Amino acid sequence: MAEESSTHALDELIGSLQSATAPFRKTLNEIHAKYAGLADGKLADYIPELTLANPNWFGISVVTVDGQSFDVGDFEQLFTIQSVSKPFVFGMALADQGREAVLKKVGVEPTGEAFNAIVLDEKSNRPFNPLVNAGAIATADLIQGKDLSDRLKKLLATFSAYAGRELRIDNAVFLSERITGHRNRAISHLMLNFGMVSEQIPDSLELYFQQCSILTNAHDLAVMGATLANAGVNPITKQPVIESQYVKDVLSVMLSCGMYDYAGEWAYRVGLPAKSGVGGGICAVVPGRAGIGILSPLLDARGNSVRGIKVCEELSARFGLHAFEAGFEGKKLEDEFRMRKR
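Summarised in this report is the structure supplied together with it. Residue positions within a chain follow its written sequence, with the count starting from 1. Local features in a predicted model are, by the rule used here, given only for residues with pLDDT of at least 70; side-chain atom pairs are given and counted only at 80 or more, and totals for whole chains, interfaces and linings are based on all residues. Heavy atoms from the whole structure form the basis of all side-chain values; hydrogens and water molecules are not counted.

### Considering the pairing of strand β6 (residues 281–286)
Phase 1: The element β6 is largely enclosed, with a buried count of 6 among its 6 residues.
Phase 2: Think of it in three bands: with a 1.4 Å probe and only protein chains considered, a residue is buried below 20% of the maximum accessible area for its type, exposed above 50%, and partly exposed in between. A helix here means a DSSP run of H or I that spans at least four residues, while a strand means a run of E at least two residues long, and both kinds are numbered starting from the N terminus. Going residue by residue along β6, you find Gly 281, Cys 283 and Val 285 tucked away on one face and Ile 282, Ala 284 and Val 286 tucked away on the opposite face as well.
Phase 3: Two strands pair under a simple rule: DSSP has to find at least two bridges between them. Strand direction decides the pairing type here: β6 and strand β7 (residues 290–295), joined by 6 bridges, are antiparallel. Pairing of Val 285 across the sheet is with Gly 291, part of β7.
Phase 4: Here β6 folds back onto β7, and the loop between the two strands holds 3 residues, one of which, Gly 288, carries a positive phi near 75 degrees.

Listed below in structure tokens is the structure:
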């Protein structure tokens, strides 16, 4: 164990030295400065605790699949993960239940509706996808464990493995979510009526409120994204977190459904698997290359971070990151990750 720990420490040191002199550090600082003054949008207010966020918080982190980290701004500022948690819980459900069992309870279609819409597929009675509230509650219900406490420990252990450090829950936000969660309770009862969730749904709803209240920062989200980019292996700890066979399932729904009812335009403009949350976070994935984590709490009308979208649009355009872009002739991201030659 000591030898393994020393190897990880050495890898982190090498990665730090490489990223310290790489051109991408300057690029990221330029992008941060470009959008730091953008004050459009407003704080989420339907969960009272979220109104306490500082609207000026703005952090960007990029972590590569070989363990380099590039961070700027308020990248260590803690905030609650909120809906950014949903694709990772979807991955847990796939691991626990298998692909076909999950698809019987949750679809994978974009909705065009708001994230908290009380609507199910009229033919199948399933929630449309695991990244809207209805689908996320249904996937939380699929997480196995002997009781709520056991399921919560499993949830926190998984998220900590993704982030490469121990994560915890913000109890103030959790209680705020629980007190104001009447709409989510209505959604859960509707799904119970159609047999899409189990009788343990009161516990599963508690689990859902807790998953949304996990404290993370922009760097954590970048490591989590990089883990998906790296076929399910955390590039910092080198530990597998999710089976590689399920990574494409998670990334597929992130690309098509991850940005609420902006998902179609996001796929058109940015073309990266991503998930946003009303805490101001965005986690984006450049498959095989890097994860991107952003914090900026000012949200647009759809619940997405205004600065976060601008940063992702710029990175995608500058480096040809769109999933369907071929023949890009500009600078390659990997070239900017390399140390500057002296």
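### Details of helix α9 (residues 201–212)
Phase 1: Given the number of residues in a helix, its expected span is that number minus one, multiplied by 1.5 Å. Given a rise of 1.5 Å per residue, 12 residues ought to cover 16 Å, and the 16 Å separating the end C-alpha atoms of α9 matches this to within 8%.
Phase 2: Counting buried positions over the 12 residues of α9 gives 10, a clear majority of the element.
Phase 3: Along α9, the positions that sit buried rather than exposed are Ile 201, Ser 204, Leu 205, Glu 206, Leu 207, Tyr 208, Phe 209, Gln 210, Gln 211 and Cys 212.
Phase 4: Looking at the buried residues of α9, the elements they touch are β3 (79–80), α3 (86–97), α5 (133–141), α6 (148–163), α7 (171–180) and α8 (182–193). By definition, residues are in contact when any of their heavy atoms lie within 4.5 Å.

### Quick look at the pattern of salt bridges
Phase 1: Each reported salt bridge corresponds to a side-chain nitrogen of Lys or Arg within 4 Å of a carboxyl oxygen of Asp or Glu. For the structure on display, the rule yields 11 salt bridges.
Phase 2: Its salt-bridge partner being Arg 165, residue Asp 220 comes within 2.7 Å of it at the nearest N-O pair. Linking Asp 220 in helix α10 (residues 218–229) with Arg 165 in the loop between α6 and α7, this pair joins segments that are 55 residues apart in sequence.
Phase 3: Overall, Asp 220 belongs to the buried group, its relative accessible area being 2%.
Phase 4: Here Arg 165 falls in the partly exposed class, since its relative accessible area comes to 33%.
Phase 5: With its nearest N and O atoms 3.1 Å apart, the salt bridge here joins Glu 314 to Arg 318. With Glu 314 and Arg 318 both in helix α13 (residues 306–319) and 4 residues apart, the pair spans about one turn of that helix.
Phase 6: Judged by relative accessible area, which is 32%, Arg 318 ranks as partly exposed.

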